[in-house]
Structure formats: structure tokens, C-alpha cells
Amino acid sequence: MWIFTTGNIEQLTEKYKKEIERYIYPNGRNMDLRETEARKIILTVRKMNITELNIELELHYVSCCLEIIEDFGYWHENYYIALGKMFNNAINGISELGIEDNITRK
């Protein structure tokens, strides 16, 4: 997992990560994936204009989706397209902040 947060946004980050996970991971008997709801959360959070928070949530979304692909062998073209767009948004945010060299791995 990539870490970008500062003490100021840690609580927000954890709150929204839990909400994202609730929608991404399969739910119920039919194993319904509701990643579109997770994307809606991220779109709403983007309106706060806190780039560090956006990056953290976007990369968390990507990480969770990759787990779904790995664990369940999920294949749907639109899923992969959305995943790629989310990753690109995070990369753009990283470039915007100029923090490419400050990334730490946890």
C-alpha cells in the first residue's frame, strides 16, 4: 500500500477507505460487486480538493479491485477500464504534487 497521508487527513482517509471497501468487496449470496458506488464516493471526495486524500483513496480503490481480480478471477472489460482510469488519476495527482520521490511503501 502506498502512503501519502499527513496527520491532518488520516481520519478522513480511514473513514472513506472503509466505505470504499464496503462497496468493492462482494456482498450477499450473488456476490454482487458494487464498485460503481465506491467510485461515487471518490468523485464526491474529489470535490474537497484535497489531492493527498484523493490519491490515497484512488490507490486504495485500485488495490482493492486488484484483490477482487486475484481472488475471484473477475473479468469484465468496463471494470478494467475504470481501474485504469482511477490509477491514472492517482498518478496525475502524484505528479501534480511533485511527490514522486517521496513515496514510501508500507
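Details of the structure are given in the entry above.
Here is a short report on the structure shown in this document. (Residues numbered from 1 in each chain as written. Predicted model: local features only at pLDDT ≥ 70, side-chain atom pairs only at ≥ 80, totals over all residues. Heavy atoms only, no water.)

Quick notes on a negative patch on the surface
On the surface, Glu 10, Glu 14, Glu 21, Glu 67, Glu 70 and Asp 71 cluster together into a patch of negative charge. With respect to the helices, strands and loops of the structure, Asp 71 is situated in helix α3 (residues 51-72). (Patch = residues over 30% accessible without salt bridge, like charges linked within 9 Å, V, L, I, M, F, W, Y side chains within 5 Å. Areas by Shrake-Rupley, 256 points an atom, 1.4 Å probe, with all protein chains shown as cover. Salt bridge = Lys/Arg side-chain N within 4 Å of Asp/Glu carboxyl O. Lys, Arg positive; Asp, Glu negative; His and termini not counted. Charge placed at Lys NZ, Arg CZ, Asp CG, Glu CD. Helix = DSSP H or I, 4+ residues; strand = E, 2+ residues; numbered from the N terminus.)

Quick look at the pattern of salt bridges
Enumeration over the complete set of coordinates arrives at four salt bridges. Its salt-bridge partner being Glu 56, residue Lys 17 comes within 3.0 Å of it at the nearest N-O pair. Taken together, the positions of Lys 17 in helix α1 (residues 10-24) and Glu 56 in helix α3 put the pair 39 residues apart, joining distant regions of the chain. The residues Lys 17 and Glu 56 share a single accessibility class, namely buried. (Buried < 20%, exposed > 50% of the residue type's maximum accessible area, 1.4 Å probe, protein only.)

A word on the side chain of Glu 35
Its location among the elements puts Glu 35 in helix α2 (residues 35-46). Among buried charged residues, Glu 35 stands out as having no salt bridge; its nearest opposite-charge side chain is Arg 39, 4.1 Å away. Apart from the residues within four sequence positions on either side, Glu 35 is in contact with Tyr 23, Ile 24, Tyr 61 and Tyr 79. (Contact = heavy atoms within 4.5 Å.)

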